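For reference, the chains in residue letters:
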Amino acid sequence: VWTRHTMASGLPHERVTALAETRGVNGERLIWAGTYGGGLARWDGRSWRVTGKAQGLPNDRIWKLLVRPGTAGDELWVGSEGGGLARVNAEGRVVGTYPGLPSVSVNGIVEGVDERGGIEVWVSTFGAGLGRWAQGHWTLWGVPEGMPSRFATDLAETRSAQGRRVLWVATVSGLVRLEAGRFQVFNVRWGLPIDTVYRLRPDPYRADAIWIGTAGAGVLHHQEGDWKIHDAPSGLPGNVVLSLARG
């Protein structure tokens, strides 16, 4: 049975750009919808509750949601337009904002631990490249620092075969691998079938592997030293891949 949720049933906007599922304070299931213009909406099984700019979000146009597991219910990282990054608790209250990014869209988020044991947050942005929040300020990497483009579209984390942390950044001009401060760019000149990469998804069965959705060459799979292409000739229904999910 399908149930349709619209503005008439409490959704703040009918253009939904991100979805997430979390646990509430009492372990209940919560569904979150990031909208393009109406902020963040939380469904508790009965009604929608909205958190928007008026409640502390940096922007009502949301692009990315990332679950942050917690003991008193899960939190959410929320990436939005206008250089917006915020943290929202299980009740929908904004508990952290991270100002200082240029006015760009935040479309990918990865949380980690910095060298002092504190929280660090990496973001991909459409206009300012790769950003890292740590110790109270932002550091940005663009073309001068090794990125092929400042227009990034997604961000993901894997591990190398040796167990080291690896960040992957999808951009309109190639795929970036960042390990131990070193950028490696994969693009058409390197041998990729296309430059524009839209989506990234770590392989749930291998810590050193990643799935890559492209804007015209289907889905790529990378495992240390090995590339595979899944495209229309090999059975994929189309070669433009806008989303990836675990099956």
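Notes on the structure in this doc start here. The numbers attached to residues start from 1 for each chain and follow its sequence in the written order. The predicted origin of the model limits local features to residues at a pLDDT of at least 70 and limits the giving and counting of side-chain atom pairs to 80 or more, whereas totals for whole chains, interfaces and linings rest on all residues. Remark: hydrogens and water are excluded; side-chain values derive from all non-hydrogen atoms of the structure.

## What to know about the overall build of the protein
Filter applied, for reference: Secondary structure elements are taken from DSSP: a helix is a run of H or I of four residues or more, a strand is a run of E of two residues or more, and numbering for both begins at the N terminus. Radius of gyration here uses only the C-alpha atoms, and the compact-globule reference equals 2.2 Å multiplied by the residue count raised to the power 0.38. Each residue is placed in one exposure class: buried if its accessible area under a 1.4 Å probe, protein chains only, is under 20% of its type's maximum, exposed if it is over 50%, and partly exposed if it falls in between. Contact definition: two residues touch when any of their heavy atoms are within 4.5 Å.
Secondary structure assignment for the protein yields zero helices and 20 strands. A globule of 247 residues ought to have a C-alpha radius of gyration of about 18 Å, and the protein, at 18 Å, matches this closely. The principal-axis extent of the C-alpha atoms belonging to the protein is close to 50 × 45 × 30 Å. In the protein, which comprises 247 residues, the share counted as buried stands at 47%. Relative to all contacts within the protein whose residues are 6 or more apart in sequence, the contacts with residues 24 or more apart total 39%.

## Side note on the pairing of strand β20 (residues 226-230)
Here is the rule we go by: Two strands are counted as paired when DSSP detects at least two bridges linking them.
With five bridges joining them, strand β19 (residues 219-223) and β20 adopt antiparallel strand pairing. Across the sheet, the residue bridging to leucine 220 is isoleucine 229, located in β20. The turn linking β19 back onto β20 is made up of two residues, and glycine 225 within it adopts a positive phi angle of 85°.

## Side note on the sheet that holds strand β3 (residues 40-43)
Defined as follows: Angles run from 0 to 180 degrees between N-to-C directions of axes, and those axes are lines fitted to C-alpha atoms, restricted for helices to the stretch in contact.
Within the open sheet, the four strands sit side by side as β1-β2-β3-β4. Their pairing is antiparallel. Only two strands of the sheet have a single neighbouring strand rather than two, namely β1 (16-23) and β4 (48-51). Shown here is a sheet whose adjacent strand axes are inclined to one another by a mean of 25°, direction ignored. Alignment of β3 against β4, held across four bridges, turns out to be antiparallel. Along β4, the bridge assignment pairs leucine 40 with threonine 51.

## Notes on the sheet that holds strand β12 (residues 137-141)
Pairing in this open sheet of four strands is antiparallel, and the strands run β9-β10-β11-β12 from one edge to the other. Every interior strand has two partners, whereas the edge strands, β9 (105-113) and β12, have only one. Strand after strand, the sheet turns through a mean of 20° between neighbouring axes, direction not considered.

## Focus on the nonpolar core
Rules: As used in this record, nonpolar core signifies buried Ala, Val, Leu, Ile, Met, Phe, Trp, Tyr and Cys residues forming a set joined through side-chain atoms within 4.5 Å.
The biggest cluster of nonpolar side chains holds 13 residues, and the ones touching the most others in it are Trp32, Leu40, Leu57, Leu65, Leu76, Val78 and Val88. Those elements that provide at least two residues to this core are β1, β2 (29-35), β5 (62-68), β6 (75-80) and β7 (84-88). Not counting the four nearest positions on each side in its chain, leucine 65 is found in contact with Ala18, Leu19, Ala20, Trp32, Ala33, Gly34, Leu40, Leu76, Trp77 and Val78.

## A closer look at the layout of surface pockets
With a probe scaled to a water molecule rolled over the atoms, the places where space remains empty come into view. Counted only if it meets this: Only protein atoms enter the calculation, which uses a 1 Å grid: trapped sets of points that fit a 1.4 Å probe without letting it out are cavities, open sets showing protein on both sides within 12 Å along at least five of seven lines are pockets, and any residue with an atom within 4 Å of a point is a lining residue. Grid points are joined across faces, edges and corners, and a volume is the space filled by probe spheres set on the points. Amino acids outside the nonpolar list (Ala, Val, Leu, Ile, Met, Phe, Trp, Tyr, Cys, Pro) and the charged list (Asp, Glu, Lys, Arg) are all regarded as polar, and Gly is one of them.
Approximately 1,100 Å³ is the volume found for the largest pocket. Lining the largest pocket are 29 residues, and of these Lys64, Leu65, Asn107, Asp154 and Arg199 lie nearest its centre. Its residues assigned to classes, the lining of the largest pocket shows 19 nonpolar, five polar and five charged. In this model, the second largest pocket occupies a volume close to 160 Å³. For the lining of the second largest pocket, the elements supplying multiple residues, two or more each, are β10 (119-126), β14 (165-171) and β15 (174-179). Here the lining of the second largest pocket takes three residues from β14, the largest share from any one element. Here the residues of the lining of the second largest pocket sort into seven nonpolar, one polar and three charged.

## Thoughts on the environment of threonine 6
Locating threonine 6 in the fold gives a position in the segment before β1. What threonine 6 contacts, discounting residues up to four positions off in sequence, is Leu11 and Glu14.

## Considering the packing of aromatic side chains
The relation between two aromatic rings is expressed through the spacing of the ring centres and the mutual angle of the planes. Note the cut-off: Aromatic contacts are taken between Phe, Tyr and Trp rings whose centres are within 6.5 Å, Trp giving its six-membered ring; a plane angle under 30 degrees counts as stacked, one over 60 as edge-to-face, and the others as tilted. The rule for a charge over a ring is simple: NZ of Lys or CZ of Arg within 6 Å of the ring centre, and within 35 degrees of the ring normal.
In the structure shown here, the tally under the stated rule is eleven aromatic pairs. Ring geometry for tyrosine 98 and tryptophan 133: centres 5.2 Å apart, planes at 80°, overall edge-to-face. Here tryptophan 133 lies in strand β11 (residues 129-134) and tyrosine 98 lies in the loop between β8 (94-97) and β9, a separation of 35 residues in the sequence. The class for tryptophan 133 is buried, based on a relative accessible area of 14%. Grouping aromatic residues by their ring pairs yields a cluster made of Trp77, Tyr98, Trp133 and Trp138. Of note, arginine 15 hangs over the ring of tyrosine 36, and the distance from its end group to the ring centre comes to 4.2 Å. Cation over ring: arginine 246 sits above tyrosine 205, and NZ or CZ is 5.6 Å from the ring centre.

That's the geometry; what it means functionally is another story.
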